[in-house]
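Per-entry structural report
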Number of protein chains: 2
Amino acid sequence: MNIEFMKKALKCAEKSLKTCDVPVGAVIVKDNKIIATGYNTREKNRNALCHAEINAINNACKTLSCWRLEGCEMYVTLEPCPMCAGAILQSKISKVYFGAYEEKFGAVGSKFNLFYDYKFNFDVKFRGGILEEESSLLLKTFFENIR
Amino acid sequence: MNIEFMKKALKCAEKSLKTCDVPVGAVIVKDNKIIATGYNTREKNRNALCHAEINAINNACKTLSCWRLEGCEMYVTLEPCPMCAGAILQSKISKVYFGAYEEKFGAVGSKFNLFYDYKFNFDVKFRGGILEEESSLLLKTFFENIR
């Protein structure tokens, strides 16, 4: 785990703010180098799929010209939802580090744990709470401002 | 439920065969009209996200210029995986009809049921086994041929 990658994910999250998107950012790392980044653009792109993790996986597959992201690690500022946790599993990302927990929709421990509760043919390691306060503060400020 | 839409989804699934992709097809229907189609292009696009359902949701969001697909129904030839079931939930699709069951990865009853086991803020209705034999046969033939 390298805290600098989560700091970079937080920087990505800030980009979502420009288009009134919930600020979530993600980076994908391979061999200790960032190979792809992403941030939430659901409102900007008017597309339900455009969460930070999906955008980052999309970019990583393009970078590597491969659908398999084995050996890659994802740093994401918020606990992945079922769609994104499922996409992490599908793309065979090896490890996920996330920031804040997501009580209502989190699929890596909060609502359920897709990487732990069910036995799939691929294991994803995970750890939450990395720069949790910074991620939470960014989200809290966003939701306070739009109210 | 209109069986013609599942027949159309099966036609879409056949397109996957051209690029040696697992044959799965999907259509999204609104007001009894098809507004988007999709088929599995994971190998073709070298992208782990490119399942039939994701491609169809992507197209539907573009067609409607909106991330909310409320009132839409999806017909898909195979039980959605966790990523796709999560995407259906995220895009607020109202109903899902699927063909064959997917024992190892199905997230609408087989491995678990994302639309039933957990309480999210949005309900998705679902029904499996629509033209199940036709969908299964297409998949079985594909896997027999590549071995």
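Rules used throughout
Residues numbered from 1 in each chain as written. Chains lettered and ligands numbered in written order. Predicted model: local features only at pLDDT ≥ 70, side-chain atom pairs only at ≥ 80, totals over all residues. Heavy atoms only, no water. Helix = DSSP H or I, 4+ residues; strand = E, 2+ residues; numbered from the N terminus. Rg over C-alpha atoms; globule rule 2.2 N^0.38 Å. Buried < 20%, exposed > 50% of the residue type's maximum accessible area, 1.4 Å probe, protein only. Lys, Arg positive; Asp, Glu negative; His and termini not counted. Charge placed at Lys NZ, Arg CZ, Asp CG, Glu CD. Least-squares fit on C-alpha atoms with pLDDT ≥ 70 in both. Contact = heavy atoms within 4.5 Å. Axes fitted to C-alpha atoms, helices over the stretch in contact; angles between N-to-C directions. Parallel < 35°, antiparallel > 145°, perpendicular 65-115°, else oblique. Left-handed = near helix turned anticlockwise from the far one by under 90°. Nonpolar A, V, L, I, M, F, W, Y, C, P; charged D, E, K, R; others polar. pLDDT = per-residue confidence, 0-100. Buried area = accessible area lost by both parts, 1.4 Å probe. Polar contact = N/O pair within 3.5 Å; in protein donor to acceptor, adjacent residues only side chain to side chain. Pairing = 2+ DSSP bridges. Phe/Tyr/Trp six-rings, centres within 6.5 Å; stacked < 30°, edge-to-face > 60°. Lys NZ or Arg CZ within 6 Å of the ring centre and 35° of its normal.

Secondary structure summary: chain A contains five helices and five strands in total. Listing every helix and strand of chain A by position from the N terminus yields α-β-β-α-α-β-α-β-β-α. A compact globule built from 147 residues should have a C-alpha radius of gyration of about 15 Å, and chain A, at 14 Å, falls within 12% of that. The C-alpha extent of chain A, read off along each of the three principal axes, is 45 × 30 × 30 Å. Put simply, chain A has 147 residues, and 54% of those count as buried. Charged side chains of chain A number 21 positive and 17 negative; the gap between the two group centres comes to 6 Å.

Before going further, it helps to spend a moment on the relation of the copies chain A and chain B. Once chain A is rotated about the relating axis by 180 degrees and shifted along it by 0.0 Å, it coincides with chain B to within an RMSD of 0.0 Å. This pairing of chains is accounted for by a two-fold axis. Looking at the rotation axis and the C-alpha trace of chain A, the residue lying nearest is M83 of chain A, at 2.1 Å. A symmetric contact is evident, with 100% of the interface residues of chain A recurring at the interface of chain B.

Residues and elements named next belong to chain A. Running from amino to carboxyl end, helix 3 (residues 52-64) crosses helix 4 (residues 82-90) at an angle of 25 degrees, the nearest separation of the two axes being 9 Å. With respect to each other, helix 3 and helix 4 are oriented roughly parallel. Here helix 3 and helix 4 pass one another in a crossing that is left-handed. Contact with helix 3, carried on its side by E53, I54 and I57, involves M83, C84, A87 and I88 of helix 4 and no other residues of that element. Looking at side-chain class alone, the contact of helix 3 with helix 4 contains six nonpolar, no polar and one charged residues.

Our focus in this paragraph is the confidence of the model for chain A. Taken over all residues, the pLDDT of chain A has a mean of 97, while the share at 70 or more is 99%. Our summary of model confidence lists the complex with pTM equal to 0.97 and ipTM equal to 0.96.

Interfaces are often sized by the amount of accessible area the parts lose when they come together. Contacts between the two partners involve 31 residues from chain A and, on the opposite side, 31 residues from chain B. With both sides pooled, the region where chain A packs onto chain B buries about 2,900 Å², and carbon together with sulfur makes up 65% of that total. Seen at the junction of chain A and chain B, the total is 11 residue pairs in polar contact (both at pLDDT 80 or more). Of all elements in the fold, only helix 2 (42-45), helix 3 and helix 4 of chain A reach the threshold of two or more residues within the side of chain A that touches chain B. Per element, the largest residue contribution to the side of chain A that touches chain B is six residues, and it comes from helix 4 of chain A. The residue makeup of the side of chain A that touches chain B, split by class, is 17 nonpolar, eight polar and six charged.

Looking now at the pairing of strand 2 (residues 33-39) of chain A. Residue and element names in this part refer to chain A. Pairing between strand 1 (residues 25-30) and strand 2: six bridges, direction antiparallel. Residue pairing for strand 2: K30 is matched across the bridge by K33. Hairpin connection, strand 1 to strand 2: the antiparallel pair is bridged by two residues, and D31 has positive phi, about 50 degrees.

Bringing unusual backbone geometry into the picture now. Residues and elements named next belong to chain B. Of note, N32 is a non-glycine position whose phi angle comes to about 65 degrees, a positive value. In this fold, N32 is placed in the loop between strand 1 (25-30) and strand 2 (33-39). A positive phi is found at S65, a non-glycine position, where the angle reads about 50 degrees. Take S65: it is sitting in the loop between helix 3 (52-64) and strand 3 (73-78). Judged by its relative accessible area of 39%, S65 is partly exposed.

A few words on the packing of aromatic side chains. What the rule picks out here adds up to 19 aromatic pairs over all chains. Judged by centre distance (5.7 Å) and plane angle (55 degrees), the ring pair of F112 of chain A and F112 of chain B falls under tilted. Placement of F112 of chain A in the loop between strand 4 (95-100) and strand 5 (125-127) and of F112 of chain B in the loop between strand 4 (95-100) and strand 5 (125-127) is noted, with the two residues assigned to different chains. Summarising the burial analysis for this pair, F112 of chain A and F112 of chain B share the class buried. With centroids separated by 4.7 Å and ring planes inclined at 55 degrees, the aromatic side chains of F120 of chain A and F105 of chain B adopt a geometry described as tilted. With F120 of chain A in the loop between strand 4 and strand 5 and F105 of chain B in the loop between strand 4 and strand 5, the pair connects residues from two separate chains. Each member of the pair F120 of chain A and F105 of chain B is classed as buried. Just above the ring of F120 of chain B sits the side chain of K111 of chain A; from NZ or CZ to the centre is 5.4 Å.

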